[in-house]
Amino acid sequence: QSSYDTGLDDVYCSSGTWDSCDYSKVDDCSHSEDIHLACAVEEPEVMFSLVNENGQPIPLNSGERGLLLYYGDTVCDDGFDDNSADAICREMGYALGAAEWDSGNYYDFQSSYDTGLDDVYCSSGTWDSCDYSKVDDCSHSEDIHLACAVEEPEVMFSLVNENGQPIPLNSGERGLLLYYGDTVCDDGFNDTSADAHLACAVEDNEPDCGWGDWSENPNGVHCCDHQDYYYDPRCTSGASRGQLISIVTIAATTVFTALFS
């Protein structure tokens, strides 16, 4: 602050506009008297919003369920149906509409709100098809709680576990490989394929032998294309058969050469 000069002093304003102010550009101030200021930001008025159990706004596209508010007041369940839920979610920017909804007095703070909307009847899943009333005869046990459907981004490669649930990134867990939601065949598949598509690598940056058709040890990792498993009868995948045939061919050629040379 001390690197600045003091440019304004004795600022007296009779109202909240600058043209009502008198001031001096001659000062007798030290920097301990410098003004620090924060200006108020006008929050945009939002028709529909959701708040969580702590009364905090739920971020857009989170998919989280919350108490539905209409200009800061609750919405009553009279007349409310799936069309109403879809229409409101789309009005909030969720193209897929609603994921689920119900009504109830689930949060302690609900009674601090007024009821702002009642008798919401929608003939389709868009808000311009809806009729409603701003006069209500509701209790907070009829407040709408809503979760809007979130469109999942299209993912090229993913892994799912034995329950069909997505495996979190960087968990290191083994799972079924999917390509845009469909399985991947093992014909021609090898460690290079696994590394290229799944970035499977161990700490020393060597390829991680982390794929295969079987595993005796659920906690272990086996690869049919690893040299320790070339001749194992359980290695019957397309990639493994190709490697096994190659090894047999090389062995047979070696034996033939030794016998007849």
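Scroll up for the structure.
Residues numbered from 1 in each chain as written. Predicted model: local features only at pLDDT ≥ 70, side-chain atom pairs only at ≥ 80, totals over all residues. Heavy atoms only, no water.

### Concerning the packing of aromatic side chains
Geometrically, a pair of aromatic rings is defined through the distance of the ring centres and the angle of the planes. Considering all chains together, one arrives at 11 aromatic pairs under this definition. Their ring planes at 65° and their centres at 4.9 Å tell us that Phe80 and Trp101 sit as a pair that is edge-to-face. With Phe80 in the loop between strand 5 (73-75) and helix 1 (82-91) and Trp101 in strand 6 (residues 98-103), the pair connects residues that are 21 residues apart, well separated along the chain. When its relative accessible area of 7% is taken as the criterion, Phe80 is described as buried. Under the relative-accessibility criterion, Trp101 is labelled partly exposed at 28%. Both rings, one in Tyr107 and one in Phe109, keep their centres 5.4 Å apart while their planes meet at 35°; by these two values the pair is tilted. Ring pairs connect the aromatic residues Phe48, Tyr70, Tyr71, Trp127 and Tyr132, which therefore count as one cluster. (Phe/Tyr/Trp six-rings, centres within 6.5 Å; stacked < 30°, edge-to-face > 60°. Helix = DSSP H or I, 4+ residues; strand = E, 2+ residues; numbered from the N terminus. Buried < 20%, exposed > 50% of the residue type's maximum accessible area, 1.4 Å probe, protein only.)

### Some words on the sheet that holds strand 10 (residues 157-160)
The three strands lie next to each other as 10-11-12, forming an open sheet whose pairing is antiparallel. Strands with a single pairing partner mark the edges of an open sheet, and in this sheet they are strand 10 and strand 12 (182-183). By the bridge criterion, four bridges tie strand 10 to strand 11 (residues 176-179) in an arrangement that is antiparallel. The residue of strand 11 that forms the bridge with Ser158 is Leu178. (Pairing = 2+ DSSP bridges.)

Without other data, these values stay purely geometric and don't point to any function.
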